[in-house]
Amino acid sequence: MNAPIIDPLQGDFPEVIEEYLEHGVMKCVAFNRRGTLLAAGCSDGSCVIWDFETRGIAKELRDKDSAAAITSICWSKYGHRILVSAADKSLTLWDVVSGEKVTRIVLQQTPLQARLHPGSAMPSVCLACPLSSAPMIVDLSTGSTTALPVTVPDTGNGVAPPSRNKFPDGAPFTLTAACFNMNGDLVYVGNSKGEILIIDHKNVKVLGMIPISGGAVIKNIVFSRNGQYLLTNSNDRIIRIYENILPLKDGLGALDDLNKTIQEEDTVEKMKAVGSKCLVLFREFQDLITKMHWKAPCFSGDGEWVIAASASKGEHKIYIWDRAGHLVKILEGPKEAVFDLAWHPVHPIIVSVSLTGLVYIWAKDYTENWSAFAPDFKELEENEEYVEREDEFDLVPETEKVKESDINEDDEVDIVTVEKDPFSDSDMSQEELCFLPAIPCSDDPQQQEKYVGSSSKLIDSNYTGSPVSEENGQNGQAANNASSPLEEDTGGTQSKRKRKLSEKGLELQAEKVRKPLKLLKSSGHRSWSISKPMNYYIRCGLYVRNMLQPFTAMGIICPCNQTTNLFIHVWRKVSF
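The following paragraphs examine the structure supplied in this document. The structure displayed is predicted, hence computed values, not measured ones. (Residues numbered from 1 in each chain as written. Predicted model: local features only at pLDDT ≥ 70, side-chain atom pairs only at ≥ 80, totals over all residues. Heavy atoms only, no water.)

### Focus: the state of the cysteines
Item 1. Throughout the structure, instances matching the rule amount to 0 disulfides.
Item 2. Note on C28: no disulfide assigned, nearest cysteine sulfur contributed by C47 at a separation of 7.8 Å.
Item 3. Accessibility expressed as a relative area gives 4% for C28, which makes it buried. (Disulfide = S-S within 2.5 Å. Buried < 20%, exposed > 50% of the residue type's maximum accessible area, 1.4 Å probe, protein only.)

Printed below as a string of structure tokens:
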């Protein structure tokens, strides 16, 4: 749709359900970086990749060793790899193009979420958030794991203490969430004390801490696509937006400089001072009336909108806020709970996963502005007196002459400079995978073999080259009484209904039996006189093949006259 036709006063967010995708019971979804492919994890352990432009299945990844439900899906930077976490405590890395499994690692706990390193094209490191243990860095090439700290250590060097399932005060912790920053050199972890920890995952060192008011458990933590904002979803039913003050590329170096400049004896106070210079609270979102819990919050592709689903069972509601904190839209779907949400990276499209396993696609309901077709046309609410211009009906109005004079035809048009792609990077080491070739689903090979075998037997037994047909032709017997080879191959497993002839049909059949076939004899062998070009008989043979193939396969029609036998003979030559 042309952009000028769209009403500019409409919000750039989805409004209605455009369609839905159905394939098994889907649990989670994820777009690739450009939004051309949509990956969905199913409850049977398979991962389906949809071509989002055509809404067709481009590839299905299925692991024979695992049939557990998928808990999360993550694309690599350029779309060549997909990381899948399952309920059987496994992490599986897939090659998207070939559809082959690269590696599979089994953890000690079920990973609820797994994210590939965003800074490398072919990542071998991922961040996993298990069910009841601390988040960990997993090396997919070796299978080694490194647990990350979930609280600020009391030691002055900031090195994480040995991993344990309880805080120093003895209270058990529950895993909340963790995510990489945009460059992948830092990990942001939220704990059950309501604290955001900034961790150097290579050295396993806490560099900063940001406490949340109220100390509620952090359930989700997500960065915007441009890395400028951080979203947290807490157990106090409040979604908070933080502005990232650190530089996007060298955040680790900036944190090291902050730690050197800030002089604090107390480790906790020093971490808080560093954290206050890294994240600043920007907005808070909540429903003051219903006080509902939120599920699967995320940013839009450009970071201008924030969405979250209601965690209430039995309702499919999606709330949309602008970044200023205003609730602009509530999308109401079917009476089904929401499992997962994803916003398209480029277009105003939301994808939601329901309790029944369907994926609903929410799109914008465009209102066309037809006055945009005529630049001088204006929509009037009421009649106005029109004053005719003096040159209105001239062949070349004066206004157009003025416009022509303003154009400098000698100016050179720049056709070399390419506009910067918002998705392009300086380290494009390999080509980005945007589309997959559509592979049509093949039929059952067993049925194909049966059909091909029965077809060949049908040709050999009923037409030229078969001694049975020659003997029947000499004796004047009809071939209609022979059973269909398809029925013989099935061995009675597939019952085929035969057409019962009427009395008149039986009489006609008897007449055909009594009439011998008139064949031209040449040196004792049967032959046909061909008086027309061969192309004519080839076309006729192809036509007869297409028309009679379904009937001959069922045993309903068994042609026996001279012309049809000729066409069948040509058909056999053409087909094989």
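From this point on, the discussion continues.
### What about the packing of aromatic side chains?
Item 1. Tallying each qualifying case throughout the model produces 9 aromatic pairs.
Item 2. Pairing F13 with W305 gives two aromatic rings, centres 5.1 Å apart and planes at 70 degrees, and the pair type is edge-to-face. Of the two residues, F13 is situated in the segment before β1 (16-21) and W305 in strand β23 (residues 305-310); the sequence distance between them amounts to 292 residues.
Item 3. Judged by its relative accessible area of 14%, W305 is buried.
Item 4. Ring pairs connect the aromatic residues F285, W294, Y319 and W321, which therefore count as one cluster.
Item 5. A cation over an aromatic ring shows up here: R55 above the ring of F52, its NZ or CZ 4.2 Å from the ring centre. (Phe/Tyr/Trp six-rings, centres within 6.5 Å; stacked < 30°, edge-to-face > 60°. Helix = DSSP H or I, 4+ residues; strand = E, 2+ residues; numbered from the N terminus. Lys NZ or Arg CZ within 6 Å of the ring centre and 35° of its normal.)

### A short note on helix α2 (residues 267-276)
Item 1. Buried within α2 we find T267, M271, V274 and G275. The buried side chains of α2 occupy one side of the element, clustering within an arc of 100 degrees when seen end-on.
Item 2. Capping of α2 at its N-terminal end is provided by D266; its side-chain oxygen lies 3.5 Å from the backbone amide nitrogen of V268. (Arc of directions from axis to C-beta. Polar contact = N/O pair within 3.5 Å; in protein donor to acceptor, adjacent residues only side chain to side chain.)

### Section: the sheet that holds strand β7 (residues 81-86)
Item 1. In spatial order, the strands read β6-β7-β8-β9; together these 4 strands make up an open sheet with antiparallel pairing. Here the strands that pair on one side only, and so sit at the sheet edges, are β6 (70-75) and β9 (101-106). Shown here is a sheet whose adjacent strand axes are inclined to one another by a mean of 15 degrees, direction ignored.
Item 2. Two strands pair when backbone bridges link them, and strand β8 (residues 90-95) and β9 are joined in this way by 5 bridges, in the antiparallel orientation. Within β9, the position partnered with L91 by the bridge is I105. (Pairing = 2+ DSSP bridges. Axes fitted to C-alpha atoms, helices over the stretch in contact; angles between N-to-C directions.)

### Focus on empty space enclosed by the protein
Item 1. Taken as a whole and judged by the stated rule, the model has 4 cavities of 30 Å³ or more.
Item 2. Around the largest cavity, the lining residues are G45, C47, L61, D63, S66, I70, V84, A86, S90, T92, W94 and R104.
Item 3. Those elements that provide at least two residues to the lining of the largest cavity are β7 and β8.
Item 4. Residue contributions to the lining of the largest cavity peak at 3 residues, all from β8.
Item 5. Counted by class, the lining of the largest cavity contains 6 nonpolar, 4 polar and 2 charged residues.
Item 6. What the second largest cavity holds in volume is close to 60 Å³.
Item 7. In this structure, the second largest cavity is lined by N181, M182, N183, L186, Y188, F223, G227, N244, L246, P247, L248 and G251.
Item 8. When its residues are assigned to classes, the lining of the second largest cavity shows 7 nonpolar, 5 polar and no charged. (1 Å grid on protein atoms, 1.4 Å probe; cavity = no way out; pocket = protein on both sides within 12 Å on 5 of 7 lines; lining within 4 Å. Points joined across faces, edges and corners; volume = space filled by probe spheres on them. Nonpolar A, V, L, I, M, F, W, Y, C, P; charged D, E, K, R; others polar.)

### Quick word on the pairing of strand β17 (residues 205-211)
On a regular strand, one side chain projects to one face of the sheet and the next to the other, so that they alternate.
Item 1. Taking burial as the measure, the 7 residues of β17 include 5 buried ones, the bulk of the element.
Item 2. Summarising the sheet, strand β16 (residues 195-200) and β17 pair through 6 bridges and their orientation is antiparallel. The residue of β17 that forms the bridge with D200 is K205.
Item 3. Taken together, β16 and the strand that follows it, β17, pair antiparallel across an intervening segment of 4 residues, in which V204 is found at a positive phi of about 50 degrees.

None of the figures reported here should be taken as evidence of function without further support.
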